[in-house]
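# Examination of the molecular architecture
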Amino acid sequence: MPRPNRHTLFPFLSWLPRQTRARVGRDAIVGLSGAVLALPQSIAYALIAGLPPEYGLYAAIIPVLIACLWGSSWHLICGPTAAISIVLYASVSPLAVPGSQDYITLILLLTFLAGVFQWLLGMLRFGALVNFVSHSVVLGFTLGAAVVIALGQLPNLLGLVLPSQATAINSLLALIEHAGEWDHASLALGLGTLLVGALLKYLMPRWPTLLIALTLSSLAAWLSPSMFGHVARVSSFIGKLPPFSPLPMDLDMILRLLPSAVAVGMLGLVTSLSIARSLSARSQQLLDANQEVRAQGLSNIVGGFFSGYLSAGSFTRSGLSYEAGACSPLAGVFSALWVALFALFGAALIAHIPIPSMAASILLICWGWWTIAASARCSGSVAPSLW
């Protein structure tokens with residue numbers, strides 16, 4: 001067996017030395033656009049996964065850096081996604097209370113296990129296996145879970161504090177039981193965010209519509225304290241870079257999480273390679289599927305130790321990278337660095353986001369998945385996410 005050369009061990013050495021000042025400058029600007037898009041999405045996805053908001057930012061830093069530097073695609077941008085977040089919540093919430101330290105530890109351990117599974121597939125050159133996973137199966141599972149997530153966000157939209165329910169029917173019944181307790185200010189703020197977000201997406205689809213909608217709703221709440229002063233806000237956190245998270249290698253827990261790790265790891269690979277192949281066909285780039293699979297696995301292995309939950313390719317951020325003219329994977333690297341700056345210095349701004357507005361943004365994301373299903377049923381393929 002030939003010894004691996006340095007380009008095999010460090011793939012970025014094959015393209016990084018060829019970058020010029022102009023190309024680096026353009027990638028930095030494209031990366032900033034990607035970071036602006038990633039900020040509200042990452043926070044919303046973390047809440048979907050049952051995690052504190054900062055863990056969405058952490059997942060958009062270290063895993064993205066590793067995946068871009070060790071991957072094969074020039075335009076694939078990874079990070080937290082709606083589908084992965086939904087499946088993680090469904091897999092781990094029966095084992096621990098969402099948002100608790102035990103829950104966070106289990107999510108990160110599952111991320112590590114899924115990364116090991118992905119990396120082994122890449123090392124064994126089984127990257128083509130993901131082609132045998134039906135998109136219909138993936139869509140059916142994630143869309144069913146998206147209904148549960150959407151119903152679970154309705155109490156936040158209505159200003160209610162209700163315990164989490166195990167089924168969609170129970171969630172709906174709990175809402176009906178507390179119909180007289182709905183908070184009108186929270187509902188107005190949430191519906192306003194929904195309408196503004198949907199309208200902006202229709203009129204300016206390439207703009208960071210979620211970020212704009214959340215900013216406008218936060219300003220409205222700040223400018224009208226007499227009306228919205230009592231509305232709950234997103235939990236604040238101390239601004240810092242992704243902290244090191246030691247993982248407990250408990251054999252019993254690993255065995256309990258292993259089936260979910262294999263399932264979510266395969267889901268991440270199907271998503272990532274589908275996006276990478278689509279973009280490589282448009283950009284006339286040669287894609288190495290096994291290298292991409294190894295990069296995905298390595299990003300989740302390392303990310304799990306640095307508070308980044310499972311990441312995969314993002315339709316919206318990867319599409320933005322291509323459409324904006326990214327010259328190399330440096331655009332993704334710059335995107336992660338911009339997010340890191342925000343996580344370090346902009347944490348206080350997140351505490352001003354109203355909970356009903358964040359719930360509205362999650363509902364918009366869930367609606368985007370229903371749009372995917374409708375498009376896939378008509379065309380027989382998976383459409384890019386609208387949110």
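Reference entry: report on the structure contained in this document.

Calculation rules
- Residues numbered from 1 in each chain as written.
- Predicted model: local features only at pLDDT ≥ 70, side-chain atom pairs only at ≥ 80, totals over all residues.
- Heavy atoms only, no water.
- Core = buried A, V, L, I, M, F, W, Y, C linked by side-chain atoms within 4.5 Å.
- Buried < 20%, exposed > 50% of the residue type's maximum accessible area, 1.4 Å probe, protein only.
- Helix = DSSP H or I, 4+ residues; strand = E, 2+ residues; numbered from the N terminus.
- Patch = residues over 30% accessible without salt bridge, like charges linked within 9 Å, V, L, I, M, F, W, Y side chains within 5 Å.
- Areas by Shrake-Rupley, 256 points an atom, 1.4 Å probe, with all protein chains shown as cover.
- Salt bridge = Lys/Arg side-chain N within 4 Å of Asp/Glu carboxyl O.
- Contact = heavy atoms within 4.5 Å.
- Phe/Tyr/Trp six-rings, centres within 6.5 Å; stacked < 30°, edge-to-face > 60°.
- Disulfide = S-S within 2.5 Å.

### Considering the nonpolar core
By size, the foremost hydrophobic cluster in this structure holds 77 residues, and its most contacted members are L51, L57, L88, V264, Y309 and V339. Sorting elements by how many residues they give to this core places helix α6 (residues 101-123) first, with 10 residues.

### A few points about a nonpolar patch on the surface
Where nonpolar side chains cluster on the molecular surface, the patch consists of L32, L241, W338, L341, L344 and F345 and spans about 570 Å² of accessible area. Top element by residues in the nonpolar patch is helix α15 (residues 330-345). It accounts for 4 residues. By the secondary structure assignment, L241 is in the loop between α11 (225-228) and α12 (251-283). Given the relative accessible area of 46%, L241 is considered partly exposed.

### Focus: the side chain of S318
Within the secondary structure layout, S318 lies in helix α14 (residues 315-323). Setting aside its immediate chain neighbours within four residues, S318 contacts H75, L76, I77, I275 and L279.

### Considerations on the packing of aromatic side chains
Per the counting criterion, the structure on display carries 7 aromatic pairs. Centre to centre, the rings of F12 and W70 are 5.1 Å apart; their planes meet at 75°, and the pair counts as edge-to-face. With a gap of 58 residues between them, F12 in the loop between α1 (6-9) and α2 (21-48) and W70 in helix α4 (residues 62-70) connect regions that are remote in the sequence. Its relative accessible area of 15% is what places F12 among the buried residues.

### A few points about the state of the cysteines
In the structure shown here, the tally under the stated rule is 0 disulfides. Free cysteine: C78, not disulfide-bonded; nearest cysteine sulfur from C68 at 6.6 Å.

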